[in-house]
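Spelled out, the chains give:
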Amino acid sequence: MADLSILTDDELQAMRAGDLSKISNEKLQALRQSFATAGQPPVQESKFPSLTEPNPVEPQRLRSIAQGATLGFGDEIEAYVRSIAQGQDYDKLIGDIRQELSAYREAEPYSALAYEGVGAMTTPGGALKFALGKSPTLARVVASTAGTGAVAGGLTAAGTGEGDVIDRLARVPSGATIGAVAGPVGYGIGKGVQKGANALVDFARRKAGGRGAKIVETEIRRIANETGMTDDEIVAGIMSGDILAENRTIQDIVRAYARGGGQSSTILKQAMTNRPTKLRDEAIAELNRVLFPESSGNVRKVVGQADEALKQAEGQQYRAAFERGGVITQDTLSAIEQGIKRSPGAGAALQEAYRAQTGKTPFFSIKGDEVVYDRAPTLQDAEILMRGLRDLADEAFRGGRGAAAQGYKEAANLLRQEINKSSTLLEKGGGEQYGGVYRPVSPTVGGARKEAASVRSQRNAFDYGKSIFGQNADQVAIDFEKLSPSEVSYLRAGVMDAIRNKMATGNKLTFMKRAGDPATKEGQILRTIYPQDELDKMLDVVNRAARSQEVSGAVLGGSATAPTQTAASRIGMDISLQEIASAAGKNPMALFSVAKKMLKSAFPTNLTDAQRAEVAKILVSEDPQLVQMALRDDSAYAELARKAQRLTSGVPGGLLGSGSFFGGMSGGNLSTME
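None of the values given here were measured: they were computed from a predicted structure.

Chemist: A description of the overall build of the chain should follow, citing residues and the corresponding values.
Modeler: In terms of regular secondary structure, the chain is built from 31 helices and two strands. Buried residues in the chain amount to 40% of all 674 residues. Considering only contacts within the chain whose residues lie at least 6 apart along the sequence, 70% involve residues at least 24 apart. For the chain, the computed accessible surface area is about 36,100 Å², with 55% contributed by carbon and sulfur atoms.

Chemist: Go over the pairing of strand β1 (residues 364-367) with me, naming the residues and quoting the values.
Modeler: Here β1 pairs with strand β2 (residues 370-373) via four bridges, running antiparallel. Bridge pairing in β2 places Ser365 opposite Val372. From the end of β1 to the start of β2, which pair antiparallel, there are two residues, and Gly368 there has a positive phi angle of about 70 degrees.

Chemist: Just give me the short version of empty space enclosed by the protein, but keep the residues and values in it.
Modeler: Considering all chains together, one arrives at two cavities of 30 Å³ or more under this definition. What lines the largest cavity is simply Pro276, Arg280, Lys508, Leu509, Met512, Ala545, Ala546 and Gln549. Looking at the lining of the largest cavity, its residues break down into five nonpolar, one polar and two charged. As a volume, the second largest cavity reaches approximately 30 Å³. Breaking the lining of the second largest cavity down by element, the ones donating at least two residues are α10 (214-226) and α28 (609-620). Its residues assigned to classes, the lining of the second largest cavity shows seven nonpolar, no polar and no charged.

Chemist: Any details on the side chain of Ser64? Residues and values, ideally.
Modeler: The topology assignment puts Ser64 in helix α3 (residues 61-69). Taking relative accessible area as the criterion, Ser64 reaches 1% and is therefore assigned buried. Among residues more than four places away in sequence, those in contact with Ser64 are Leu101, Tyr104, Ala112, Tyr115 and Glu116.

Chemist: Account for the environment of Asp609, naming residues and giving values.
Modeler: Counting through the fold element by element, Asp609 comes out in helix α28. Separated by 349 residues in the primary sequence, Asp609 and Gly260 place their C-alpha atoms 9.6 Å from one another. When residues no more than four places from it in sequence are discounted, the contact partners of Asp609 are Gly261, Gly262, Gln263 and Ser264.

Chemist: Explain helix α17 (residues 379-398) to me, using residue names and the numbers behind them.
Modeler: In this model α17 runs 29 Å from its N-terminal to its C-terminal C-alpha over 20 residues, within 8% of the 28 Å that 1.5 Å per residue would give. One or two steps after α17, the chain reaches Gly400, where phi turns positive at roughly 80 degrees.

Chemist: Got a sec to walk through the environment of Ser24? Specific residues and values, please.
Modeler: Following the sequence through the fold, Ser24 ends up in the loop between α1 (9-16) and α2 (25-38). Using a relative accessible area of 23% as the deciding quantity, one classes Ser24 as partly exposed. Along the backbone, Ser24 and Leu7 are 17 residues apart, and their C-alpha atoms lie at a distance of 9.9 Å.

Chemist: Tell me what's going on with the environment of Ala256, and back it up with residues and numbers.
Modeler: Checked against the element boundaries, Ala256 lands in helix α12 (residues 251-258). Placed 299 residues apart in sequence, Ala256 and Val555 show a C-alpha to C-alpha distance of 8.4 Å.

Chemist: Tell me about helix α4 (residues 74-86), and please be specific about residues and values.
Modeler: The end-to-end C-alpha separation of α4 is 18 Å, in line with the 18 Å expected for 13 residues at 1.5 Å each. Within α4 the residues assigned to the buried category are Gly74, Asp75, Glu76, Ala79 and Ser83. Trailing α4 by a residue or two, Gly87 shows a phi angle of about 70 degrees, which is positive.

Chemist: So what's going on with the pattern of salt bridges? Which residues, and what values?
Modeler: One pass over the structure, following the stated rule, counts 24 salt bridges. Of the charged contacts in the structure, one is a salt bridge between Asp242 and Arg547, with a shortest N-O distance of 2.8 Å. Of this pair, Asp242 sits in the loop between α11 (231-239) and α12 while Arg547 sits in helix α24 (residues 532-556), and the two are 305 residues apart along the sequence. Residue Glu522 is joined to Arg514 by a salt bridge in which the shortest nitrogen-to-oxygen separation is 2.8 Å. Here Arg514 falls in the partly exposed class, since its relative accessible area comes to 33%. The network of salt bridges with shared partners includes Arg63, Glu78, Arg82 and Glu100.

Chemist: Pulling in residues and values, what's your account of the nonpolar core?
Modeler: Counting 37 residues, the largest nonpolar core has Leu287, Phe469, Ile499, Leu526 and Ile529 as the members making the most contacts within it. Elements with a contribution of two residues or more to this core: α13 (262-291), α19 (444-466), α20 (473-481), α21 (485-503), α22 (508-516), α23 (521-529) and α24. Take this core: its biggest share by element is nine residues, from α21. Residues in contact with Phe469, not counting those within four places in the same chain, are Val495, Ala498, Ile499, Lys502, Phe511, Lys521, Glu522, Ile525 and Leu526.

Chemist: Go over a nonpolar patch on the surface, please, and point to the residues and values.
Modeler: The grouping of Ile77, Tyr80, Val81 and Ile84 at the surface amounts to a nonpolar patch, some 430 Å² of accessible area in total. Note that Ile77 resides in helix α4.

Chemist: Now, about the packing of aromatic side chains: what can you tell me, with residues and values included?
Modeler: On inspection of all chains with the given rule, the structure shows four aromatic pairs. Between Tyr354 and Phe363, the ring centres sit 5.6 Å apart and the planes meet at 70 degrees, which makes this aromatic pair edge-to-face. Taken individually, Tyr354 and Phe363 each receive the classification buried, so the pair is uniform in this respect. Ring centres of Phe469 and Phe511 lie 5.3 Å apart, and the angle between their planes is 75 degrees; on these two criteria the pair is classed as edge-to-face.

Thresholds, definitions, all that
Residues numbered from 1 in each chain as written. Predicted model: local features only at pLDDT ≥ 70, side-chain atom pairs only at ≥ 80, totals over all residues. Heavy atoms only, no water. Helix = DSSP H or I, 4+ residues; strand = E, 2+ residues; numbered from the N terminus. Buried < 20%, exposed > 50% of the residue type's maximum accessible area, 1.4 Å probe, protein only. Contact = heavy atoms within 4.5 Å. Areas by Shrake-Rupley, 256 points an atom, 1.4 Å probe, with all protein chains shown as cover. Pairing = 2+ DSSP bridges. 1 Å grid on protein atoms, 1.4 Å probe; cavity = no way out; pocket = protein on both sides within 12 Å on 5 of 7 lines; lining within 4 Å. Points joined across faces, edges and corners; volume = space filled by probe spheres on them. Nonpolar A, V, L, I, M, F, W, Y, C, P; charged D, E, K, R; others polar. Expected span 1.5 Å × (residues − 1). Salt bridge = Lys/Arg side-chain N within 4 Å of Asp/Glu carboxyl O. Core = buried A, V, L, I, M, F, W, Y, C linked by side-chain atoms within 4.5 Å. Patch = residues over 30% accessible without salt bridge, like charges linked within 9 Å, V, L, I, M, F, W, Y side chains within 5 Å. Phe/Tyr/Trp six-rings, centres within 6.5 Å; stacked < 30°, edge-to-face > 60°.

Okay, structure coming up:
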């Protein structure tokens, strides 16, 4: 008779219902042995399967992963959570969980270990990264991996043990000891796997992807990293017209290449001699395109020709107005007489001016205080007299005779008003009648005078533009708002003339730098008078030209400096500036690292002349696709390499975690063996 006393009432009821899932594996085995001894068949044979057949074990994959991820504490965490959430007995729950995990390990030992190892791979990554720091050395790697392995191993030994706290703590020393050894071993194996996989993919990439020599690629990568820019930023700069060689951050590196002789020196010197001139011409062309679009040549010549044409047109207008005549009214005659009588010397001065402009005898003479007309004056006579009064006013102002100047000016204005009235009579149907006759005249005298004033204002604007960089920037902003569209065009032409003049002198670099700087007077003035929708493009071109000239002078001129010599010694190596700074501070590890890399550079693995030339071509290249290919290969092989690096980046840390876990488990188990 089988001994069923080992079963609880619930288990007996479950067995009668054919449900054996609630009976532990040990009790089932005990029942099987009891039945075999009694020689009797099991009760309700139709419902109770044969106990001689092995009971299928339910896989415990997630629990195994959790055990590894929690360093052996997963079973206790699950039991605690379920006891709170479901209100079940904690001791019973943890016993069942451990029984199921144990059965799974016995049934499928390799799968169980594999899943626990996968879980353990997730644990030490963050801790290891923190322990290694930013610049891990060999000693720090060994110490960090051993320390991480010891901690993980000790925790695993405690987590996989059973019993009270004392029993578990007794397992920790052995677990920590073996974890301290197994962890670094796992890390080392992971490093080997990582390097091997990356090397294999990189080899395939170079064979099929067309990449250059590894040392050249490494050097280009080193230089690109020194710029502090991302690859996308570098390529975007090339697309907008920049070149790597003109990046100020790597100026010492470029100078080292330029002064190192060989093909690279020739390539850099040629490019950095020709490029500033090319960019300067492009900057002038861009400024000329906006400031003086009428021509790209001699601004003064073109403006002078335009002025001459305008003056000729002005003269034709005056002649047409005078030929058509006008009515000299009594008010006009009165204005003429007042102007002549302004001062004792005014009459003689006006006679002299009339004779000088016309080559004829004046139409009037002075007898005592009276003006005597030798012939009837015309509108042209009155206009010439008005101009003479205006010149007398200007002369008096310059001589400090303000009262006299004001008198002449008032007389000139009065005469101009009367001339305008006399020259605005229209044909019959719209004008005034004088002596019963309508005179067919038009307002061409006033129009001619306006054209003349316009020509003078344009010429003044041009002259102002020529001297604009000598003016106060705030005053320029005030004056610029008062200009008419035609005056703005002439002012900008004058500014272009001033720029061409400055670019023809030895101050061209200084001017370009100041023009691009919003803090300088030149930069503020240029931003005031330049069309705002064209400003960004102009500044980009000007700043690039200034930077090219500045870097060219720094790279090709002067004597070699200590930074240049240091940069030269680092060509072909991956020594960072931080390492150099640390070595200068007598950091022993940094000194060792720099010394090792410098020693390595003395052997043939350093760049050859041809390899240096390849690097120089990339430094001066204006082809964004070429630079992009040098920085990264966008082929499928490059993508494969990037994915392989991402996938293998966590392998060393993951195997450190697995090694620590199994080391801790083994160490803990060894501690319990007698």
